[in-house]
Protein chains: 2
Amino acid sequence: MRVYLAGPDVFLPDPVARGAAMKAICSAHGLEGVFPLDPVEGEPDAWQALPPARRIALQNEAHIRGVQAVIVNLTPFRGPSADVGTVFELGFARALGLPVFAWSNDPRRFRERTLAWLGSAALPDGRGSWRDADGMAVEAFGCVDNLMIDGAIAASGGDVVFGAVSVTSWQDLTAFACCAALVAGRLQGKHPDSDRRGPQPR
Amino acid sequence: MRVYLAGPDVFLPDPVARGAAMKAICSAHGLEGVFPLDPVEGEPDAWQALPPARRIALQNEAHIRGVQAVIVNLTPFRGPSADVGTVFELGFARALGLPVFAWSNDPRRFRERTLAWLGSAALPDGRGSWRDADGMAVEAFGCVDNLMIDGAIAASGGDVVFGAVSVTSWQDLTAFACCAALVAGRLQGKHPDSDRRGPQPR
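Residues numbered from 1 in each chain as written. Chains lettered and ligands numbered in written order. Predicted model: local features only at pLDDT ≥ 70, side-chain atom pairs only at ≥ 80, totals over all residues. Heavy atoms only, no water.

Caption draft 1: Spotlight on the relation of the copies chain A and chain B. Laying chain A over chain B is done by rotating through 180° and shifting 0.0 Å along the axis; what remains is an RMSD of 0.0 Å. Both chain copies can therefore be described as sitting about a two-fold axis. (Least-squares fit on C-alpha atoms with pLDDT ≥ 70 in both.)

As structure tokens, then:
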């Protein structure tokens, strides 16, 4: 069971070590993790002539087309929302009909994060909601992030796992490990009683 | 030719008026603009029982499945990148094989915007690039936004149009109008010489 690992983890100081750590956790749960930096099997020769950014984009799209599920890191990145490259991949996977699971090291919901990020720039609109200084509304649906993200995960049959830490930590993989365990159970049909089942009648 | 209009425009104080203005521009170019708030033809009755956020997400996905192209507003939203809901829809459209065009009222590239946003928190890595205080790399590919966005637009046959303004203005639709004109030309096969062509031999 191949699972693509989308996230800003590639921006960490040692992304190769991060990928290895995430793949080891997947492997312990019977999953094959595919990290963005992995080579693409059967990559067309023509891609080597592309500018690096274009080639990487096509490689990641190819990775997603070759997996059975996607796990996305929704930990907020330079603002109240997740990394946009990660969210692009979430949308891409959703259109392909793949189950999408997510994890985040920030347990707050989108509205709370956005209001904290805006600080005194958040203005009440007099109807129980908030707007920023540009007049742009603050989403108030109780979602993890923009409603397209929550909606896609739910509609795909996926779920979100939150870290117990109250501050963002890029190093902590506890929530990711919980998410990998959840994905393994869902996709492989495992559940706590599965080992106690005897042979099934034909 | 139906075109979906993805963007944080739905968060403006009067999103209905904004949608009408954008659709009028599309119409002037022979395009039918589909705004996220538009009703979905043939929407399943069951969606009415869903929580609002989930229903809206499915409606927007259905909109994208029903168009021939997508125009996305990449103007930065609460951080150096575009709105994540918009980028989700870009990824969704890309996986469906749709041409994706974009516009932005911020003419700066991603690296310049990110460094301006980080300010003194941007630290040189000693190899000509930059990292933030968490050690996360700043992308330096000369892209408009995260490379997945640029790569998808280019690979889809689309393009990006920038506003000439040097500061973000949510009200200005000049760049959007230029983008709509570009899309009309590309998708409808119009070009400056088209009116001068006589009947073609069969």
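Picking up after the structure, the text goes on.
Caption draft 2: Quick look at the packing of helix α1 (residues 15-28) of chain B against helix α6 (residues 174-187) of chain B. Residues and elements named next belong to chain B. Where α1 meets α6, the axes come as close as 9 Å, and the angle between the chain directions of the two elements is 35°. Two packed elements cross with a definite hand, and for α1 against α6 that hand is right-handed. Between α1, through Met 22, Ile 25 and Cys 26, and α6, the contact on the second element is made entirely by Phe 176, Ala 177 and Ala 180. Split into classes, the residues belonging to the contact of α1 with α6 amount to 6 nonpolar, no polar and no charged. (Axes fitted to C-alpha atoms, helices over the stretch in contact; angles between N-to-C directions. Helix = DSSP H or I, 4+ residues; strand = E, 2+ residues; numbered from the N terminus. Left-handed = near helix turned anticlockwise from the far one by under 90°. Contact = heavy atoms within 4.5 Å. Nonpolar A, V, L, I, M, F, W, Y, C, P; charged D, E, K, R; others polar.)

Caption draft 3: Just the interface of chain A and chain B, in detail. The partner chain B presents 54 residues to the 54 residues of chain A that form the contact. Buried surface at the junction of chain A and chain B, summed over both partners, amounts to about 4,300 Å²; 71% is from carbon and sulfur atoms. On the surface where chain A and chain B come into contact, there are 4 salt bridges. A salt bridge links A:Asp132 to B:Arg78; its shortest N-O distance comes to 3.1 Å. Taken together, the links from chain A to chain B amount to 14 residue pairs in polar contact (both at pLDDT 80 or more). Of all the elements in the fold, those that place two or more residues in the side of chain A that touches chain B are α2 (52-65), α3 (84-95), α4 (110-118) and α5 (147-155) of chain A. Broken down by element, the side of chain A that touches chain B gets its largest block of residues, 10 residues, from α3(A). Of the residues contributing to the side of chain A that touches chain B, the split by class is 33 nonpolar, 9 polar and 12 charged. (Buried area = accessible area lost by both parts, 1.4 Å probe. Salt bridge = Lys/Arg side-chain N within 4 Å of Asp/Glu carboxyl O. Polar contact = N/O pair within 3.5 Å; in protein donor to acceptor, adjacent residues only side chain to side chain.)

Caption draft 4: Summary view of the sheet that holds strand β7 (residues 160-162) of chain A. Residue and element names in this part refer to chain A. Pairing is parallel across the open sheet formed by 5 strands, whose spatial order is β2-β1-β3-β4-β7. Each edge of the sheet is formed by a strand with only one pairing partner; in this case those strands are β2 (32-34) and β7. The average undirected angle you get between the axes of adjacent strands in this sheet is 25°. (Pairing = 2+ DSSP bridges.)

Caption draft 5: Representation of the packing of α2(A) against helix α5 (residues 147-155) of chain B within the structure. Packing of α2(A) against α5(B) leaves a shortest axis separation of 8 Å and a crossing angle of 90°. Our classification of the angle between α2(A) and α5(B) gives roughly perpendicular. Across the interface between the two elements, A:Ala53, A:Arg54, A:Ile56, A:Ala57, A:Leu58, A:Asn60 and A:Glu61 from α2(A) touch B:Leu147, B:Met148, B:Gly151, B:Ala152, B:Ala154 and B:Ala155 from α5(B). Taken together, the residues that form the contact of α2(A) with α5(B) break down as 9 nonpolar, 2 polar and 2 charged. (Parallel < 35°, antiparallel > 145°, perpendicular 65-115°, else oblique.)

Caption draft 6: View of the pattern of salt bridges. Residue and element names in this part refer to chain B. For the structure on display, the rule yields 20 salt bridges over all chains. Among the ionic pairs, Lys 23 bridges to Asp 38, the shortest N-O distance being 2.8 Å. Here Lys 23, found in helix α1, pairs with Asp 38, found in the loop between β2 (32-34) and α2 (52-65); they are 15 residues apart in sequence, far enough to count as distant. Since its relative accessible area comes to 28%, Lys 23 is described here as partly exposed. (Buried < 20%, exposed > 50% of the residue type's maximum accessible area, 1.4 Å probe, protein only.)

Caption draft 7: The pairing of strand β1 (residues 2-6) of chain B, seen in detail. Residue and element names in this part refer to chain B. Burial analysis of β1 places 4 of its 5 residues in the buried class, which makes it a mostly covered element. Where β1 meets β2, 3 bridges bridge the pair, whose relative direction is parallel. For Arg 2, the partnering residue across the bridge sits in β2 and is Glu 32. Across 4 bridges, β1 lies against strand β3 (residues 69-73) in parallel orientation. If you follow Ala 6 over to β3, its bridge partner there is Val 72.

Caption draft 8: A look at the sheet that holds strand β7 (residues 160-162) of chain B. All names here are of chain B. Pairing within the open sheet is parallel, and its 5 strands lie in the order β2-β1-β3-β4-β7. Across the chains shown, the open sheet's two edge strands, defined by having one partner strand only, are β2 and β7. The mean angle between the axes of side-by-side strands here comes to 25°, regardless of whether they run parallel or antiparallel. Here 4 bridges tie β3 to strand β4 (residues 100-104), and the two strands are oriented parallel to one another. Within β4, the position partnered with Val 70 by the bridge is Val 100. In the packing of α1 onto the sheet, contacts are made with β1, β2, β3 and β4, and the angle to β1 comes to roughly 145°. Across the sheet, α6 lies against β1, β3, β4 and β7, angled at about 160° from β4, the strand it touches most.

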